[in-house]
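Results of the structural survey
Listed here are the chains, written in short residue letters.
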Amino acid sequence: MSGEGEETVTEAQVSYIGKDCTEIPSFLARRYGDLADRLDLSFNLLRSDLMSEGFESCKDERPESYSNTSFKYAGKEREDVTLGLWSLDGLEGFVCLKELILDNNQLGNHVCFPSLPYLHTLTINKNQLTELDFLLDSLALSAPALEYLSLLGNQACPNELVCMEKDENDYQRYRYYVLNKLPTLKFLDTRKVTKKEREVASSRGAFMKVVKPQENKESIPPVLMLDWYTENLVTLMEWPAQSPDLNLIDNLCGELERQLHSRLTRSSSLSQLVTVHKAE
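A brief report on the enclosed structure follows. Note that this is a predicted model, so its numbers are computed, not measured. (Residues numbered from 1 in each chain as written. Predicted model: local features only at pLDDT ≥ 70, side-chain atom pairs only at ≥ 80, totals over all residues. Heavy atoms only, no water.)

A count of helices and strands for the protein chain gives 7 helices and 11 strands. Looking at the protein chain as a whole, 40% of its 280 residues qualify as buried. In the protein chain, the share of contacts with a sequence separation of at least 24, taken over all contacts with a separation of at least 6, comes to 55%. Entry remark: accessible area of the protein chain is about 16,300 Å², with carbon and sulfur atoms responsible for 51%. (Helix = DSSP H or I, 4+ residues; strand = E, 2+ residues; numbered from the N terminus. Buried < 20%, exposed > 50% of the residue type's maximum accessible area, 1.4 Å probe, protein only. Contact = heavy atoms within 4.5 Å. Areas by Shrake-Rupley, 256 points an atom, 1.4 Å probe, with all protein chains shown as cover.)

Next up, the structure:
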C-alpha cells in the first residue's frame, strides 16, 4: 500500500490516484477530513468483498456512523466492518465531502457508504457492480443530497460499453429503476434526468428490475440476499446449469420456419403466405 505524502491537494480537493491501495489510508481523513469537499480515489484497488465465504451477520454490533449491518469474518468480530464497507472504511472522516470519485476500482455489489449528508456527486465508473440494490439502498440513506451519479462501465449499467447485446430499452429500464430508488438525482451517467423519466420512475420504476436466474444450486446468493428476496416476495426460478432455451415462442417460430422451408412450392404473394401459415 502507498504511504503518506503521495496525495495531491489543491485547496479543498484531495486526490489519491493510482496508488494500488486496497483500503482508504487513515491519514487522508486525519489530515483533510475537516476541509476536503472533493476526494478522488480512482485507479486504486478498493473493493467490497464482505459477502464472500467466511462472513456472517453481526446485526447487534452496528457502528452508528453506518447504515447497514456489521459482520464477523471467520468467527472473529470486527466492529469497524460493515456490509461491503471494509475497503471504504475511512470515508466517515470526510465530514464536508461533496464530490467523491471512485472510478476504476474493484467495488462490487455490496458496497455501502457512511453518512455523507453533503455529497452531491458520486462516480463509480468501471468497477465490478453487477447488481444495484445494496448500493442504491445505501445511497438513499447515506447521501440524501445526491444529484449526480455515474455507474458507466459496470455490468449493472446495461449499455454498449459493457455488452454489445444491450440496447437503449435495457438502458432506459435501468434508468427508471435507479431514479425510483434515488429520486433526487438530476443527472444519471451522462444524461440529464427528464421530467418524463421522473414520472415513469415514480409510477413504474420499482418494477423495472430484472432478477437474474440462479445458474445452479452451487451458486446460492448470500444469506442476506435470500432474506431480501423473501421479504420482498421475489420468486427465484429454478434454473439448471447449461439448461436448454426455455423460450417457447423462439422454439415455435423456429419450428414454423423449418416447416415452411420444407415445402416444395414457395408462396408468391402475401395472401398465399398467410394461408400457408394458417395451414401449418
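The next subject is the pattern of salt bridges. If you walk through the whole model with that rule in mind, you get 8 salt bridges. Residue Glu 99 is joined to Arg 38 by a salt bridge in which the shortest nitrogen-to-oxygen separation is 3.3 Å. Of this pair, Glu 99 sits in strand β7 (residues 99-101) while Arg 38 sits in strand β3 (residues 38-40), and the two are 61 residues apart along the sequence. Residue Arg 175 is joined to Glu 197 by a salt bridge in which the shortest nitrogen-to-oxygen separation is 2.7 Å. Here Arg 175, found in helix α3 (residues 168-181), pairs with Glu 197, found in helix α4 (residues 195-204); they are 22 residues apart in sequence, far enough to count as distant. The two residues Arg 175 and Glu 197 agree in class, both being buried. Residues participating in the shared-partner salt-bridge network are Asp 133, Asp 137 and Lys 181. (Salt bridge = Lys/Arg side-chain N within 4 Å of Asp/Glu carboxyl O.)

Taken N-terminus to C-terminus, the directions of helix α2 (residues 133-142) and α3 make an angle of 35°; their axes are 9 Å apart at the nearest point. The segment α2 lies against α3, with Asp 133, Leu 136, Asp 137 and Ala 140 engaging Tyr 177, Val 178 and Lys 181. Taken together, the residues of the contact of α2 with α3 break down into 4 nonpolar, no polar and 3 charged. (Axes fitted to C-alpha atoms, helices over the stretch in contact; angles between N-to-C directions. Nonpolar A, V, L, I, M, F, W, Y, C, P; charged D, E, K, R; others polar.)

Here we take up the environment of Ala 12. Its place among the elements puts Ala 12 in the loop between β1 (8-10) and β2 (13-15). For Ala 12 and Leu 39, which are 27 residues apart along the polypeptide, the C-alpha to C-alpha distance reads 8.8 Å. Each residue touching Ala 12, except ones within four places of it in the same chain, is listed here: Leu 35, Ala 36, Asp 37 and Arg 38.

In this section: the sheet that holds strand β11 (residues 191-192). Taken in spatial order, the 8 strands line up as β1-β2-β3-β7-β8-β9-β10-β11 in an open sheet, and their pairing is mixed. The open sheet has two edge strands, β1 and β11, and neither has a second partner. Bridge count for strand β8 (residues 121-123) against strand β9 (residues 148-150) is 3 bridges, and the pairing is parallel. Looking at β9, one finds that Leu 122 is bridged to Leu 149. (Pairing = 2+ DSSP bridges.)

What follows is about α2. Burial runs high along α2: 7 of the 10 residues are buried. The set of residues buried in α2 consists of Asp 133, Phe 134, Leu 135, Leu 136, Ser 138, Leu 139 and Ser 142.

Among the nonpolar cores identified, the biggest contains 50 residues, and Phe 113, Leu 122 and Leu 149 are the most heavily contacted of them. Of all elements in the fold, only α1 (26-32), α2, α3 and α4 reach the threshold of two or more residues within this core. Ranked by residue count, the leading element in this core is α3, at 6 residues. Once residues within four sequence positions are removed from consideration, Leu 122 is found in contact with Leu 100, Leu 102, Phe 113, Leu 139, Leu 146, Tyr 148, Leu 149 and Ser 150. (Core = buried A, V, L, I, M, F, W, Y, C linked by side-chain atoms within 4.5 Å.)

Glancing now at the environment of Lys 126. Tracing the chain through its elements places Lys 126 in the loop between β8 and α2. By relative accessible area, Lys 126 is classed as exposed at 54%. For the pair Lys 126 and Gln 155, spaced 29 residues apart in sequence, the C-alpha separation works out to 8.9 Å. If near-sequence neighbours (up to four positions away) are discounted, Lys 126 is found in contact with Asn 104, Asn 105, Leu 152, Gly 153 and Asn 154.

Following the criterion strictly, the structure yields 3 aromatic pairs and no others. Ring centres of Tyr 16 and Phe 27 lie 6.0 Å apart, and the angle between their planes is 75°; on these two criteria the pair is classed as edge-to-face. One end of the pair, Tyr 16, is in the loop between β2 and α1; the other, Phe 27, is in helix α1, and 11 residues separate them in sequence. As far as burial versus exposure is concerned, Tyr 16 and Phe 27 are alike and both buried. Taking 5.3 Å as the distance between ring centres and 35° as the angle between the ring planes, the aromatic pair formed by Tyr 171 and Tyr 174 counts as tilted. On the criterion of helical spacing, the pair formed by Tyr 171 and Tyr 174 is a turn pair, its members being 3 residues apart in helix α3. (Phe/Tyr/Trp six-rings, centres within 6.5 Å; stacked < 30°, edge-to-face > 60°.)

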